[in-house]
Amino acid sequence: MKGWDGLVSSALLGTDRRPAHFEDLPEHIQERLGDGGLLDAAALATVYKRAGRKPLREVDPIPAAPGEDRPLPRPAAIRRLAAMLGGFQTSALGEWLRAADARGWGVPPEHLPALADYARHRAEYRPLVIAAAGRRARWLADLNPEWRYLHAAVAESNDPEYWTHGNAVQRRTWLRTLRQQDPQAAREALTEVWPTESAATRADFLGLLTDGLSLQDEDFLESALDDRSREVRRGAARLLSRVPGSKYGERMTERLHSHLVPSQGVLAVDLPKRLSESMERDGIDSQNPEGIGKRAWWFLQIIANTPLSAMELEWLQTPVEGCAPDILQAGWTEAAIREGSAEWARALLQSEASTGDRSPAELLRLLPADEWARAVDVLRKTVDVTELVGGLPVPWPESLASMILDQLVKVGSNRAWARLASIAARAVPPDVLDHPITRESTGEEDTWRRRLVETLTFRREMYEELS
Amino acid sequence: MGLWDVEQVLGLASDAASAKAGQGLARPEKWSEAGASDRAVWGLCQGSGKQPYQTAVDLSGPAYKCSCPSRKFPCKHALGLLLLHAAGEVRPGDEAEWVKTWVDQRASRADQPERKPGEVADPIAAQQRAARRTDRVSSGMAELKGWLDDQVRVGLGGFDQRAYTELSRLAARMVDAQAPGVAGAVRRAAGVVGRGHGWPGELLEELSLVHLIVSAHDRLAELPPTLADTVLSRIGWSTETARVLVEGEKVQDDWLVLGRVIEPDDRLTVRRVWLRGATTGRLGLILTFAAAGRPLDPLPARPGEYVPGTLSFYPGALPMRALLTQTDPRQPAPRPTGFTAHQALASYVESLAADPWNERWPLVLQDVRPARHGDGWALVDADGDGLELLPGWDAWKLLAVSAGDPITVAGEWNRAGLRPMTCWHNDRPVIL
């Protein structure tokens, strides 16, 4: 404003040294000032300035996010979301987002910043938050660099620039994305740079081929069996053992036949006497762990990596000569897990076979979900229930969930059941949340029982509100 | 007070842990012999001991009573009970004897000190007190005037070294002179010294407005009565609530809660709730204070809702501050109409014309879209005119709601920028 700076400098230096001049001030102020002094002039000018403030010009609004909004769930559901974001029962947040998404509900946009912050360090929530944010995901990602992941799906595009000039994380992401879209192209891109990459990078990138693995990768993997790096060789062998119909599988089958012969109702085993170079090339580990002899260890690995199609289910019931049956059973367990075979898993569990280093739970999860309850009921006589169900994917099938809750009803508040209860609290599917256990008194004390009932009730109300 | 909602109850919790524990207790099976009357809720909650805890809440306060040993106030039992009540899961019933005794006691204690509104216990003594205060304030104002004139004569230039101590000493003198409002203004002036390269200009603005109060006080008798009231309240004379209720201007309306701003301080938490009359369009401000760390009273309604009731305004040339007497339960309200940026600034100028010291002004902006402005943000209306948001204010919620579409925003305006309080996502109010 005209004349204001003059007032300020008079005030700074003092009117003794620099008397104030008012001629430069706007007329309106001069008229009203009369015989007032510097402070009167300043007061008038201050209010004059404040009153004369103009709106900003030439500020461009951010372009709107294109698209439509989903309808919102009812207020109770929104309040529950806010409570979870505030720290109450936060572990059910992912479930809320999934359920809302499945029913076509949107998320009130004012909660997106908190959700975006929450998922920033929790990768498993990111796809849920991206879905919840809808048309706002990319829009917010463009505005706030911390939420760039919100358009992760778009950012990890096929721009080869990432592959040739990106940092380790960007290159990895690029390769993983391409492998999902075009497995052959990804393998070819990897083959091209293979000789110039460091051993650690080779081993890391090789692991990405697990996705979309097929017989077409065989030549590349076979050549990787001769890699300079032991870790790469191991990785290649692991992958080859998962490719049906591979030469690797044929070699293992051959080895099996030379050391195991079924004849006249017994399995005659002749443990390998030495570890051949070709066996080592195929990733057979020479160093036996504690508790098992060298030769038995080599044989176990042969079984573990032989295609199940080359072996018979009846062998599980066949007497073994020449080594402990445990060795074979442990090998079959490994093979069943490697191939994800429900048939072998079922047979191994039914025959109460040794599972070696593996937990029976790892076989259990290979069975179809509707068999879990029955299998757990049988296995619980010999294996800890918590260990069995702890590794199963959630939500559990209804039969298993009801069975576990039925049991928990009966055990009072004995501490031994606390872990099972905390697993069940999250794993029980929506249809079983109204289990009778939620209507029994739990007392005031902070027991696992009370926490279980609280979580089940919380989740039940959550689904009701979102329905 | 009618049924409370869950947010209101959780707002009473002294910390997040109590809120969480309270939610855990908000289940019917935790309680026995629970009941609710018009004025209280009560129940027995089984704790770890043999005897269940006796919990009761007097809804008029709210005040709490619980036999548990918790030092938290309210304890988790009281919170749980209130939450249960908010969910409509406490059945109405007759007050148990222990509840009745306690609530009756509280009621009779509350009745005792109450005099007829505006009545003073000892009118002569009160008059003497007022006269003494007038003298003190006048001598304080004279001292301030002399000090200000001296500063301008010798110059503010050397001020950055001695400013803080001098201004603090002066602020303390003004408190002694029973002029706390002026003391605050002087303290604010001390705050700008040395801050940024434009501080001499800022300091001159602040001091000139203090000077304006002093000179207005000199000629108090010549001023229009409402402006004289404004000057007195800026100096720090407070008007007793009872007098406001009796003598204050009364406006009956459905009051839309535009939003609220809470300013926590070391010693005192201040909450400003801005209201706008649905029919009259009048603006109102409800001020609430609480000692630091203590919960504020629950809001009469959520931002974006109507409170039907009467506002009794404090006197002044720009009557804003008011007391609310609620007559009916709160109710939902439609999205309010608002201003363009230009109209909004014009409304602020009108307020300045009535009260040149006015610093805060509630605005409702209509059809505004977010824009980047320097390091911060601005809201731009359909004409392309913009208002800057308060620097440093966390705008992400507002941005997420808007998604770049035009929205309605209610905020508190001051020179530094607009501090949004509430925005509307379609017709749904969102608290910011």
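Residues numbered from 1 in each chain as written. Chains lettered and ligands numbered in written order. Predicted model: local features only at pLDDT ≥ 70, side-chain atom pairs only at ≥ 80, totals over all residues. Heavy atoms only, no water.

> What exactly am I supposed to notice about the overall build of chain B here?
Scanning chain B from terminus to terminus reveals 12 helices and 16 strands. Dimensions of chain B along its principal axes, counting C-alpha atoms only, are 75 × 60 × 45 Å. Sorting the 432 residues of chain B into buried and exposed places 48% on the buried side. Within chain B, counting contacts between residues at least 6 apart in sequence, those at least 24 apart form 60% of the total. Taken as a whole, chain B presents about 20500 Å² of accessible surface, with 51% of it coming from carbon and sulfur. For chain B, the distance from the average site of its 49 positive side-chain charges to the average site of its 53 negative ones is 6 Å. (Helix = DSSP H or I, 4+ residues; strand = E, 2+ residues; numbered from the N terminus. Buried < 20%, exposed > 50% of the residue type's maximum accessible area, 1.4 Å probe, protein only. Contact = heavy atoms within 4.5 Å. Areas by Shrake-Rupley, 256 points an atom, 1.4 Å probe, with all protein chains shown as cover. Lys, Arg positive; Asp, Glu negative; His and termini not counted. Charge placed at Lys NZ, Arg CZ, Asp CG, Glu CD.)

> What am I meant to see in helix 4 (residues 75–85) of chain A here?
It helps to recall that an α-helix has 3.6 residues per turn; residues three or four apart then point in one direction. What helix 4 of chain A keeps buried is the set A:Ala77, A:Ile78, A:Arg80, A:Leu81, A:Ala83 and A:Met84. On the buried face of helix 4 of chain A, the contacting elements are helix 5 (93–102) and helix 26 (448–466) of chain A together with helix 2 (16–25) of chain B. Residue A:Gly87 follows helix 4 of chain A closely and has a positive phi angle near 110°.

> Got a minute to help me understand the domain arrangement of chain A in this structure?
Size of an interface, as often reported, equals the accessible area lost when the parts are brought together. Per the domain assignment, the segments making up chain A are domain 1 (4–51), domain 2 (75–155), domain 3 (160–240), domain 4 (247–367) and domain 5 (398–466). Taking the mean C-alpha position of each, domain 1 of chain A and domain 3 of chain A sit 76 Å from one another. (Domains from an automatic or database assignment.)

> Sorry if this is basic, but what is going on with the sheet that holds strand 3 (residues 53–58) of chain B here?
Backbone hydrogen bonds hold the strands of a sheet together, and the pairing may be parallel or antiparallel. All names here are of chain B. Spatially, the four strands line up as an open sheet ordered 1-2-3-4, and their pairing is antiparallel. The open sheet has two free edges, formed respectively by strand 1 (31–36) and strand 4 (63–66), since each of these has just one partner strand. Across the sheet, the axes of successive neighbouring strands diverge by a mean angle of 10°, strand direction being ignored. Note: strand 2 (residues 40–45) against strand 3, six bridges, orientation antiparallel. If you follow Trp42 over to strand 3, its bridge partner there is Ala56. (Pairing = 2+ DSSP bridges. Axes fitted to C-alpha atoms, helices over the stretch in contact; angles between N-to-C directions.)

> Would you mind showing me how to read the side chain of A:Arg255 here?
Along the chain, A:Arg255 falls in helix 16 (residues 247–259). With near-sequence residues (within four places) excluded, A:Arg255 lies in contact with A:Ser278, A:Met279, A:Asp282 and A:Ile302.

> Can you walk me through the nonpolar core in this structure?
Most often, soluble globular proteins have nonpolar side chains that are buried together. Grouped together as the largest cluster of nonpolar side chains are 169 residues, with contacts concentrated most on A:Trp96, A:Trp332, A:Trp396, A:Leu400, A:Ile404 and A:Leu408. A:Val8, B:Val186, B:Val193 and B:Ile213 belong to the second-largest nonpolar core, a separate cluster that totals 48 residues. (Core = buried A, V, L, I, M, F, W, Y, C linked by side-chain atoms within 4.5 Å.)

> Explanation requested: the sheet that holds strand 1 (residues 260–263) of chain A in the structure shown.
Residues and elements named next belong to chain A. The three strands lie next to each other as 1-2-3, forming an open sheet whose pairing is mixed. Of all strands in the sheet, those bounded by a partner on one side alone are strand 1 and strand 3 (320–321). Pairing analysis gives two bridges linking strand 2 (residues 266–269) to strand 3, with the strands arranged parallel. Looking at strand 3, one finds that Ala268 is bridged to Glu321. Along the sheet face, helix 16 touches strand 1 and strand 2 and points at about 60° away from the line of strand 1.

> It is not clear to me how the interface of chain A and chain B should be interpreted in this structure. Could you clarify?
Residue-level contacts link 60 residues of chain A with 67 residues of chain B. Buried surface at the junction of chain A and chain B, summed over both partners, amounts to about 5300 Å²; 61% is from carbon and sulfur atoms. At the boundary of chain A with chain B, the tally comes to nine salt bridges. Among the salt bridges present, the one from B:Asp385 reaches A:Arg57, with a minimum N-O distance of 2.5 Å. Between the two partners, chain A and chain B, sit 22 residue pairs in polar contact (both at pLDDT 80 or more). Only helix 1 (4–13), helix 3 (38–51), helix 4, helix 6 (112–120), helix 8 (136–143) and helix 26 of chain A provide two or more residues apiece to the side of chain A that touches chain B. (Buried area = accessible area lost by both parts, 1.4 Å probe. Salt bridge = Lys/Arg side-chain N within 4 Å of Asp/Glu carboxyl O. Polar contact = N/O pair within 3.5 Å; in protein donor to acceptor, adjacent residues only side chain to side chain.)

> It is not clear to me how the environment of B:Ala78 should be interpreted in this structure. Could you clarify?
Residues and elements named next belong to chain B. Here Ala78 shows up in helix 3 (residues 76–86). Sequence separation between Ala78 and Gly248 is 170 residues; the distance between their C-alpha atoms is 37 Å. When residues no more than four places from it in sequence are discounted, the contact partners of Ala78 are Thr55, Val57 and Tyr64.

> Before we go on, may I ask you to explain unusual backbone geometry in this structure?
Leave glycine aside and you will find that most residues have negative phi; peptide bonds, for their part, are mostly trans. Residue A:Pro395 is bonded to the preceding A:Val394 through a cis peptide linkage, with omega at -10°. As for its placement among the helices and strands, A:Pro395 is situated in the loop between helix 23 (385–390) and helix 24 (398–410). Located in the positive-phi region is B:Asn426, a residue other than glycine, with phi close to 55°. Checked against the element boundaries, B:Asn426 lands in the loop between strand 15 (417–425) and strand 16 (428–431). With relative accessibility at 56%, the residue B:Asn426 sits in the exposed group.

> What is the right way to read the domain arrangement of chain B from this model?
All names here are of chain B. We note that the domain assignment places domain 1 (6–111), domain 2 (131–235), domain 3 (241–332) and domain 4 (341–431) within chain B. When each unit is reduced to the centre of its C-alpha atoms, the spacing between domain 2 and domain 3 is 29 Å. Residue-level contacts link four residues of domain 2 with four residues of domain 3. Buried area between domain 2 and domain 3, summed over both chains or domains, comes out near 260 Å², and the portion from carbon and sulfur atoms is 60%. Summed over the three residues of domain 2 that lose the most area to domain 3, namely Thr226, Asp229 and Thr230, the buried surface amounts to 86% of that side. Our count for the contact surface shared by domain 2 and domain 3 stands at zero salt bridges. Of the residues in the side of domain 2 that touches domain 3, the class split is one nonpolar, two polar and one charged. (Nonpolar A, V, L, I, M, F, W, Y, C, P; charged D, E, K, R; others polar.)

> Help me understand the pairing of strand 12 (residues 376–380) of chain B, please; the structure alone is not making it clear to me.
Taken residue by residue, a regular strand's side chains alternate between the two faces of the sheet. Residues and elements named next belong to chain B. The element strand 12 is extensively covered by neighbouring structure, given that four of its five residues are classed as buried. Of the pairings in the sheet, the one linking strand 11 (residues 361–373) to strand 12 comprises five bridges and is antiparallel in character. Note on strand 12: the bridge partner recorded for Ala371 is Ala378. As judged from the three bridges shared by strand 12 and strand 13 (residues 386–388), these two strands associate in the antiparallel manner. Among the inter-strand pairings, Leu379 is bridged to a residue of strand 13, identified as Leu387. Linking strand 12 back to strand 13 in an antiparallel pair, the connection comprises five residues, with Gly384 at a positive phi of about 90°.

> When you look at the pattern of salt bridges in this model, what are you seeing that I'm missing?
Opposite charge on two side chains allows them to pair when their charged atoms are near. The tally for this structure, following the rule as stated, stands at 59 salt bridges over all chains. The closest approach of N and O atoms between A:Glu95 and A:Arg459, which form a salt bridge, is 2.6 Å. Separated by 364 residues along the polypeptide, A:Glu95 in helix 5 and A:Arg459 in helix 26 bring together distant segments of the chain. Looking at A:Glu95, the relative accessible area reads 13%, which means it is buried. B:Glu143 is the salt-bridge partner of B:Arg173, the closest N and O atoms lying 2.6 Å from each other. With B:Arg173 in helix 6 (residues 159–176) and B:Glu143 in helix 5 (residues 123–154), the pair connects residues that are 30 residues apart, well separated along the chain. Note on B:Arg173: relative accessible area 30%, which makes it partly exposed. Each member of the salt-bridge network shares a partner with another, and the members are A:Lys49, A:Arg50, B:Arg188, B:Glu205, B:Glu206, B:Glu359 and B:Arg415.

> I would appreciate a short explanation of the packing of helix 16 of chain A against helix 18 (residues 294–305) of chain A in the present structure.
Residues and elements named next belong to chain A. Running from N to C, helix 16 and helix 18 cross one another at 135°; their axes reach a closest spacing of 9 Å. As far as their axial angle goes, helix 18 and helix 16 are oblique. In this structure, helix 16 meets helix 18 at a crossing whose hand is left-handed. Where helix 16 abuts helix 18, its residues Tyr248, Met252, Arg255, Leu256 and His259 lie against Phe299, Ile302, Ile303 and Asn305. Grouping the amino acids of the contact of helix 16 with helix 18 by side-chain chemistry returns six nonpolar, two polar and one charged. (Parallel < 35°, antiparallel > 145°, perpendicular 65-115°, else oblique. Left-handed = near helix turned anticlockwise from the far one by under 90°.)

> Please clarify how the pairing of strand 5 (residues 249–263) of chain B should be interpreted in this entry.
All names here are of chain B. Bridge count for strand 5 against strand 8 (residues 305–313) is eight bridges, and the pairing is antiparallel. Looking across to strand 8, one finds that Asp254 is bridged to Pro308. One ladder, built from eight bridges, connects strand 5 with strand 6 (residues 268–277); its direction is antiparallel. Bridge pairing links Val257 to Leu275 in strand 6.

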